[in-house]
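# Fold and geometry: a report
Chain residues, written in single-letter form:
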Amino acid sequence: MTDLREVVGQCVERQRRYRQRGQRMNEQNTKAALISPVIMALGWDLHDPDEVHHEYRRSQHENPVDYALLLLRTPRLFIEAKALGENLDDPRWANQTIGYATMAGVEWVALTNGAEWRVFNAHAPVPIEQKLFRAVRLEDDVDAAVDLLALLSRENMRENRIEELWKGFFVDRQVHAELMNLFTAPVPAPEMVHLLDGRMPKLSREEIHQSLVRVRATFDFPMAALAGPADSRRNAQGINESTRRLSVPAPVPFALPTPRPARQQTKVTADERRLKLPDLLASGRLVPGTVLTARYFGEQHTAELLPDGRVRYRGNVYNSPSGAGEAVKIAIHGSGITGARKATDGLDFWQAEDALAGDHVTLKEIRRRVALGRVHE
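Residues numbered from 1 in each chain as written. Predicted model: local features only at pLDDT ≥ 70, side-chain atom pairs only at ≥ 80, totals over all residues. Heavy atoms only, no water.

Looking now at the pairing of strand β2 (residues 65-71). Along β2, 7 of the 7 residues are buried, which leaves the element largely enclosed by surrounding structure. Alignment of strand β1 (residues 52-56) against β2, held across 4 bridges, turns out to be antiparallel. In the strand pairing of β2, His-53 is matched with Ala-68. Relative to strand β3 (residues 74-81), β2 is paired through 5 bridges, and the arrangement is antiparallel. Looking at the pairing, Leu-69 lines up with Leu-77 of β3. Between β2 and β3, which pair antiparallel in sequence order, lie 2 residues; one of them, Leu-72, sits at a positive phi of approximately 55 degrees. (Buried < 20%, exposed > 50% of the residue type's maximum accessible area, 1.4 Å probe, protein only. Helix = DSSP H or I, 4+ residues; strand = E, 2+ residues; numbered from the N terminus. Pairing = 2+ DSSP bridges.)

Moving on: the pattern of salt bridges. As enumerated under the stated definition, the model contains 25 salt bridges in all. Where Arg-73 meets Asp-50, a salt bridge forms, and the shortest distance between an N and an O atom there is 3.4 Å. With Arg-73 in the loop between β2 and β3 and Asp-50 in the loop between α2 (27-41) and β1, this pair connects stretches of sequence that are 23 residues apart. Taking relative accessible area as the criterion, Arg-73 reaches 64% and is therefore assigned exposed. A residue is classified by how much of its surface remains accessible, and Asp-50, at 36% relative accessible area, is partly exposed. In this structure, Glu-116 and Arg-118 form a salt bridge, with 2.7 Å as the shortest nitrogen-oxygen distance. The pair Glu-116 / Arg-118 is uniform in exposure class, with both members buried. By sharing partners, the salt bridges in this structure join Arg-285, Asp-354, Asp-359, Glu-365, Arg-368 and Arg-369 into a single network. (Salt bridge = Lys/Arg side-chain N within 4 Å of Asp/Glu carboxyl O.)

So, about the packing of helix α1 (residues 4-21) against α2. In contact at an axis separation of 9 Å, α1 and α2 are set at 175 degrees when each is read in the N-to-C sense. By the angle between their axes, α1 is roughly antiparallel relative to α2. Between α1 and α2, the residues in contact are Leu-4, Val-7, Cys-11, Arg-14, Gln-15 and Tyr-18 and Ala-33, Leu-34, Pro-37, Val-38 and Ala-41, respectively. Residue classes in the contact of α1 with α2 are distributed as 9 nonpolar, 1 polar and 1 charged. (Axes fitted to C-alpha atoms, helices over the stretch in contact; angles between N-to-C directions. Parallel < 35°, antiparallel > 145°, perpendicular 65-115°, else oblique. Contact = heavy atoms within 4.5 Å. Nonpolar A, V, L, I, M, F, W, Y, C, P; charged D, E, K, R; others polar.)

Pairing within the open sheet is mixed, and its 6 strands lie in the order β1-β2-β3-β4-β5-β6. Looking along the sheet, the strands with just one partner apiece sit at the ends: β1 and β6 (132-137). For this sheet, the mean inter-axis angle between neighbouring strands, taken without regard to orientation, is 20 degrees. Sheet topology places strand β5 (residues 116-121) next to β6; 5 bridges connect them, and they run antiparallel. Bridged to Glu-116 within β6 is Arg-137. Taken strand by strand, helix α4 (residues 142-150) contacts β5 and β6, and its axis lies near 140 degrees from that of β6.

Here helix α11 (residues 321-333) is 13 residues long and its end C-alpha atoms lie 18 Å apart, about the 18 Å a rise of 1.5 Å per residue gives. Directly beyond the C-terminal end of α11, a positive phi value near 95 degrees is found at Gly-334. (Expected span 1.5 Å × (residues − 1).)

Our next topic: the packing of aromatic side chains. Between two aromatic rings, the relevant description is the distance of the centres plus the angle of the planes. Going through the model one piece at a time under the given rule, you end up with 6 aromatic pairs. Aromatic side chains Trp-108 and Trp-166 sit 6.0 Å apart centroid to centroid with 80 degrees between the ring planes, which places their arrangement in the edge-to-face category. Of this pair, Trp-108 sits in strand β4 (residues 108-112) while Trp-166 is found in helix α6 (residues 161-184), placing the two residues 58 residues apart along the sequence. Judged by relative accessible area, Trp-108 falls into the buried class, the value being 1%. Taking relative accessible area as the criterion, Trp-166 reaches 6% and is therefore assigned buried. Through successive ring pairs, a cluster of aromatic residues spans Trp-108, Phe-133 and Trp-166. Between the NZ or CZ atom of Lys-82 and the centre of the ring of Trp-93, over which it lies, the distance is 3.9 Å. (Phe/Tyr/Trp six-rings, centres within 6.5 Å; stacked < 30°, edge-to-face > 60°. Lys NZ or Arg CZ within 6 Å of the ring centre and 35° of its normal.)

Here the focus is unusual backbone geometry. A positive phi angle, close to 55 degrees, is found at Leu-72, a residue other than glycine. Classification of Leu-72 by relative accessible area gives exposed; the value is 83%. For Arg-73, which is not glycine, the phi torsion reads 65 degrees and is therefore positive.

None of the figures reported here should be taken as evidence of function without further support.
What follows is the structure, given as structure tokens:
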């Protein structure tokens, strides 16, 4: 089996080469250059229809799935391919492929355009936006891409290791969401205030309330790890010496449509929406000349916040952080970028240091803090 990491690296280099040339690829070339090599690296025989069935149809009257990966001639994984550059956020693609899988009794589905892979559990008894198990862009994080794709290897699908991870993820995601709701709501949950009040008699309920308003909580669930492919070498005692552990990130909520795992969002209040960058500067939480940072497509980008609230990026001045964020995306993807991909929430895209708190957070979070401070003045 070809080394998966090496193949992923080759796919990343091909994508960059095509993008630099401004070259567009149709679906067939995307499959040949970016998808089929990955499937082969995962130990599936592309030339054996009992193992990889191309253009699979459950019946003659149904549309085909690009790849059906089979074990004992039974489909275990559907892979639906789109052309490089195709927007996977379009809910039609996920709905269509998951619908095929559900009718065919296939639990696992992968949707990919060669640059990004999304893996779904078609049988999960939840709305479609919660069927998404993992999503990764190859260019953003090669290690994460290798870990996710390795779960789709022939050996790991035979051992059903992805199902083991899904069970933990399914529970942890619900617990994570509830914990985030407790700690990120604009008004602290009364039960949290009551609990801490009973444990901290020296503090008043108001002091506890204000502390919970300021808190920024994160929850780190243990990373799941499973043994790698069974073709690794074993020593004389039968201990696997060369196994690479398969791991996935701590579970976080996902939503569709989105090109990446979505962070838990709190509702934006009317008071927050009325605040503009000059208001944030006037509050003292932002200062003129602050360096704004953003990580996009695996690269770090910087801009400068000007005294009037405008943003300078690569020598050009933009009237809003959203305009500067769009400029970043154009610089990465070229002028032919689609409107959907270019659209940017600048306050969520850019981060800066909160001059009062001393931490590095999104502009949206700084705006939230300013609004809350005004409410409690």
